[in-house]
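Architecture at a glance
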Amino acid sequence: MVDYHASNNQSAGGVQTYMEQENDWDRDLLLDPAWEKQQRKTFTAWCNSHLRKAGTQIENIEEDFRDGLKLMLLLEVISGERLPKPERGKMRVHKINNVNKALDFIASKGVKLVSIGAEEIVDGNAKMTLGMIWTIILRFAIQDISVEETSAKEGLLLWCQRKTAPYKNVNVQNFHISWKDGLAFNALIHRHRPDLIDYDSLRKDDPVTNLNNAFEVAEKHLDIPKMLDAEDIVNTARPDEKAIMTYVSSFYHAFSGAQKAETAANRICKVLAVNQENEQMMEDYEKLASDLLEWIRRTIPWLENRTQEKTVKDLQAKQEDFRDYRTVHKPPKVQEKCQLEISFNTLQTKLRLSNRPAFMPSEGRMVSDINTAWHTLEGAEKGYEEWILSEIRRLERLEHLAEKFHQKAAIHESWTDGKEAMLTQKDYETSTLSEVKALLRKHEAFESDLAAHQDRVEQIAAIAQELNELDYYDAASVNTRCQKICEQWDILGSLTHSRKESLERTEKQLESIDELYLEYAKRAAPFNNWMEGAMEDLQDMFIVHNIEEIQGLISAHEQFKSTLPEANKEREAIQAIQAEVQRIAQSNGIKLSGANPYTTITPQSIDSKWEKAMAMVPQRDTALQDELNKQNSNDTLRATFAAQANSVGAYIQAKMEEIGRISIEMNGTLEDQLTNLKDYQKTIMSYMPEINKLEGHHQHIQEALIFDNQYTSYTMEHLRVGWEQLLTTIARTINEVENQILTRDAKGISQEQLFEYRASFNHFDKKRSGQMVSDDFRALLISTGNSLGDGEFNRIMGIVDPNGSGFVTFQAFIDFMSRETTDTDTADQVIASFKILAGDKNFITADELRRELPPDQAEYCIARMAPYAGPDGVPGALDYMSFSTALYGESDL
């Protein structure tokens, strides 16, 4: 017989202690026939519950283990290990060797077998066989039971007490008489599977019914074989403790396995819920980014359209459309852009907190891409506004020049009307000497008049050229009219030269000439031309943009009026010449043949033009005064806008500086900070009426076509950008605090830790900008107790500054500290959870997922798990390992 007292000195922990407490084996108790009967039945059922997995069973516990074969098979099943190959001979020595192999295996597990030898088992010693089976049960079914660091027996008893504590008439104090009435068995089942037991219908005075009910339910629904007889328990004063413990341990293992599966399922559900929420946020970001980029893509071509309009009115319609874009269409997109950035930051924070890889939007939809597109939009917007104002000036200039061109052309065409016919007539051929002399003098006067009109023709040509250079829409008709005037002017010059030669050829034959007529003609022609020029100037349109320009026109007009007395003297002198002609003719009885032969300008026409010119002077005074009043009104608009703009500009600058200080010097809890920031945001938004008021002043400025303002350096565009930056800055600051709260709650960071992080960060943030360069960040890390080499510091910089900007924000610092100091779910934990659900297999099936997980998350896994490619797979097997690592990115592979 082999003595196992000293075999294997390794301690078996709780089992060894418990076996010593049991005094190795209480042989005296086995002499009780009732207890032996209970143990025999219970141990037989327990062995068969495992042997059936190998397709066999025993009928007689002391007989069926004598050859050692089924004993070795039992140990292989319950341990999951291979024992040495058994001997198949029928001789006693073969049986002893097989039993010794089994006993050696038991001893190798740290179990001390006292006085149990292979010969006794082979000889069919019932006491020793039952003792050996009890030792196996202790080692493989009860040893691992531990509650709050108690021994196996105490742990199992404590587990039973906790599970049955809420039930009336149940008081588990031991593993014998506490179970006689059967209520404790029913309470255990009801605690874990209330759908199987109607506990309230049980009666304490009916123990047999209670016991049979529990045994039948356990066998039918929990796969726990019936190991006890109700009558044996009830009819025994003190039921066998080992039989009860063996049976109760089966309940423990059955229910603890279900608890592990439930825990594993809960872990997977939690991980999948986080993943589903993050995916939804990613989809929302992609859609919002796509919509915003599409709107920008559609808007920029409209802002870059430089199709020229023909009139100022048409261009003002475009300006009104642009104003609607600024006030109606753009503000919601500004809000969408801000919300997009906030959503992106919140998503990245959640991904970091859940140990997921950072979200990378699809190509072209990064926040930086959107900011670039937005910058392009604002550039196009600014260019479009400048173009509209430039076009308005250009069209105003064109309309003024066109009006001036047609006015001068009409005057010139009126003057040239009939001149060509006059120059081609041959009246001198039949005229007398005096008449020819008169014709010659008249022609000289015409030449003087022609020279005087040369300046007007040059002005007409210059205006036409400027209209062409400014791309006047009706330049073709202007060019046609100008070309006609120039060609006619060349013809008049040629005809004038030809007529003069003809008159000079006959001048030698003509001597008589009226000097007074000639003098009149010479003085009347330039005076008449001066009057026509003066009337042109008095009717000339003018465009001014400020008080200085209109005052310049008024000064020039006053200077013109100062020359009128001298001009009136010249008019009176010219009229005196004509009066002298009349006096001589009357005094000498000369009958004048008709009008002055040297000119067509009559005294009546001079007086008529003089009266018209004098009537135009007060009209010009009124027009200039009206324009002066208009410019004074415009100056008032400038001052009003400037006062409001200076106030708004100072307010925006002060608030931008204030929010910069607030973001660095915030005190109190994060919730207090968030509340204060939102109250501060409401205070900022309450200033919106002042912005709208300024927009109203700006609209009046634009309607008055005012393009400059010497009273302020602010423009409406600058103030709009400043206001949008102020709103975006406060929204970003609020989002930063919200992410800090999210980080604190998810990572379990205390308020004191956050204050400590903030104080440390502010100490090394020398510029008080809310971000620091890498050297300052290295100093900050060293101050927190980190000893950093270059390699470790570069690794940390890769975490807190993944884009390589060279700056570290406070949010990135908090994320890093929380990541380094707290624990999160990992891919290995999720793989272990799936392995539990799969029953320790390396793959899992769709049916198992649908049984253990909620429907939506089960289908989520099935849709994303790849087929399992391992050699031990079955049809429909799914690879949960690669799926789990994919949830956490390549870093956890």
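Residues numbered from 1 in each chain as written. Predicted model: local features only at pLDDT ≥ 70, side-chain atom pairs only at ≥ 80, totals over all residues. Heavy atoms only, no water.

Right, let's talk about the overall build of the protein chain for a bit. Counting secondary structure elements, the protein chain contains 33 helices and four strands. By the burial criterion, 46% of the 893 residues in the protein chain qualify as buried. Contacts spanning at least 24 positions in sequence make up 75% of the contacts within the protein chain whose residues lie at least 6 apart. For the protein chain, the computed accessible surface area is about 44400 Å², with 50% contributed by carbon and sulfur atoms. (Helix = DSSP H or I, 4+ residues; strand = E, 2+ residues; numbered from the N terminus. Buried < 20%, exposed > 50% of the residue type's maximum accessible area, 1.4 Å probe, protein only. Contact = heavy atoms within 4.5 Å. Areas by Shrake-Rupley, 256 points an atom, 1.4 Å probe, with all protein chains shown as cover.)

Another aspect to go through is unusual backbone geometry. In this structure, aspartate 223 is a non-glycine residue whose phi angle is positive, near 60°. Mapping aspartate 223 onto the fold places it in the loop between α11 (207-221) and α12 (230-234). Among the residues examined, aspartate 223 registers a relative accessible area of 55% and is labelled exposed. Positioned with a positive phi, aspartate 840 is a non-glycine residue whose angle comes to about 65°.

Attention shifts here to the packing of aromatic side chains. Summed over all chains, the structure comprises 29 aromatic pairs. Ring plane angle 50° and centroid distance 4.8 Å describe the contact between tryptophan 179 and phenylalanine 185, whose orientation is recorded as tilted. For the pair formed by tryptophan 179 and phenylalanine 185, the shared burial category is buried. Seen in terms of ring centroids, phenylalanine 344 and phenylalanine 359 are 6.3 Å apart; in terms of plane orientation they differ by 50°. Their pairing is tilted. (Phe/Tyr/Trp six-rings, centres within 6.5 Å; stacked < 30°, edge-to-face > 60°.)

Moving on, we come to the confidence of the model for the protein chain. Residues with a pLDDT of 70 or more make up 89% of the protein chain, whose mean pLDDT is 81. Note that pLDDT drops below 50 for residues 1-31; the model gives that stretch 63 contacts with residues more than four away or on any other chain. Every residue in residues 509-513 is under pLDDT 50, and counting partners more than four places away or in other chains gives 14 contacts. (pLDDT = per-residue confidence, 0-100.)

Attention now moves to the side chain of serine 249. Mapping serine 249 onto the fold places it in helix α13 (residues 241-304). The class for serine 249 is buried, based on a relative accessible area of 1%. Beyond its immediate sequence surroundings of up to four residues, serine 249 is in contact with Ala141, Ile142, Ile145 and Leu156.

This part takes up the packing of helix α5 (residues 69-79) against helix α8 (residues 126-142). Two packed helices can be described by the angle between their axes and the distance between those axes. Across the interface, α5 lies against α8 with an axial gap of 11 Å and an inter-helix angle of 10°. The angle between the axes of α5 and α8 places the two elements in the roughly parallel class. Remark: the crossing between α5 and α8 carries right-handed chirality. Here Leu71, Leu75, Ile78 and Ser79 of α5 lie close against α8, whose contacting residues are Met132, Ile136 and Phe140. Residue composition of the contact of α5 with α8, grouped by class: six nonpolar, one polar and no charged. (Axes fitted to C-alpha atoms, helices over the stretch in contact; angles between N-to-C directions. Parallel < 35°, antiparallel > 145°, perpendicular 65-115°, else oblique. Left-handed = near helix turned anticlockwise from the far one by under 90°. Nonpolar A, V, L, I, M, F, W, Y, C, P; charged D, E, K, R; others polar.)

Charged atoms that come close allow side chains of opposite charge to pair. Using the criterion set out here, one finds 47 salt bridges in the structure. A salt bridge links glutamate 279 to arginine 864, with the shortest nitrogen-to-oxygen separation between them at 3.5 Å. Taken as a pair, glutamate 279 in helix α13 and arginine 864 in helix α32 (residues 855-864) lie far apart in primary sequence, 585 residues in all. We classify glutamate 279 as partly exposed; its relative accessible area is 24%. Residue arginine 481 pairs with glutamate 413 through a salt bridge whose shortest N-O separation is 2.7 Å. With arginine 481 in helix α18 (residues 475-507) and glutamate 413 in helix α15 (residues 367-416), this residue pair connects regions lying 68 residues apart in the sequence. (Salt bridge = Lys/Arg side-chain N within 4 Å of Asp/Glu carboxyl O.)

Below, the discussion takes up the nonpolar core. Among the nonpolar cores identified, the biggest contains 77 residues, and Ile136, Trp179, Phe185 and Phe251 are the most heavily contacted of them. A total of 11 residues in this core trace back to one element, the largest contributor, which is α8. One finds Leu726, Phe764, Val800 and Phe810 within the second-largest nonpolar core, a separate group that totals 44 residues. (Core = buried A, V, L, I, M, F, W, Y, C linked by side-chain atoms within 4.5 Å.)

On to helix α6 (residues 92-108). Over its 17 residues, α6 extends 24 Å from the first C-alpha to the last, a length consistent with the 24 Å expected when each residue adds 1.5 Å. Taken as a whole, α6 has its buried residues at Ile96, Asn98, Val99, Asn100, Lys101, Ala102, Leu103, Phe105, Ile106 and Ala107. One or two steps after α6, the chain reaches glycine 110, where phi turns positive at roughly 85°. (Expected span 1.5 Å × (residues − 1).)

So, about the environment of asparagine 97. By the element assignment, asparagine 97 lies in helix α6. In this structure, the C-alpha to C-alpha distance between asparagine 97 and glycine 68, residues 29 residues apart in sequence, is 8.1 Å.

Residue placement: glutamate 399 occurs in helix α15. When its relative accessible area of 38% is taken as the criterion, glutamate 399 is described as partly exposed. When the C-alpha positions of glutamate 399 and lysine 310 are compared, they lie 9.6 Å apart, and in sequence the two are 89 residues distant.

So, about the packing of helix α3 (residues 33-51) against α5. Between α3 and α5, whose axes approach to 9 Å, the crossing angle comes to 65°. Judged by the inter-axis angle, α3 sits roughly perpendicular to α5. Between α3 and α5 lies a crossing of left-handed hand. Here α3 contributes Trp46, Cys47, His50 and Leu51 to the contact with α5, which in turn contributes Lys70, Leu73, Leu74, Val77 and Ile78. Taken together, the residues of the contact of α3 with α5 sort by class into seven nonpolar, one polar and one charged.

Considering the arrangement of structural elements, one finds asparagine 174 in the loop between α9 (152-164) and α10 (183-192). With residues near it in sequence (within four places) discarded, asparagine 174 still touches Leu157 and Trp179.

In this structure, valine 114 sits in the loop between α6 and α7 (118-122). As a C-alpha pair, valine 114 and methionine 132 span 18 residues in sequence and 9.4 Å in three-dimensional space.

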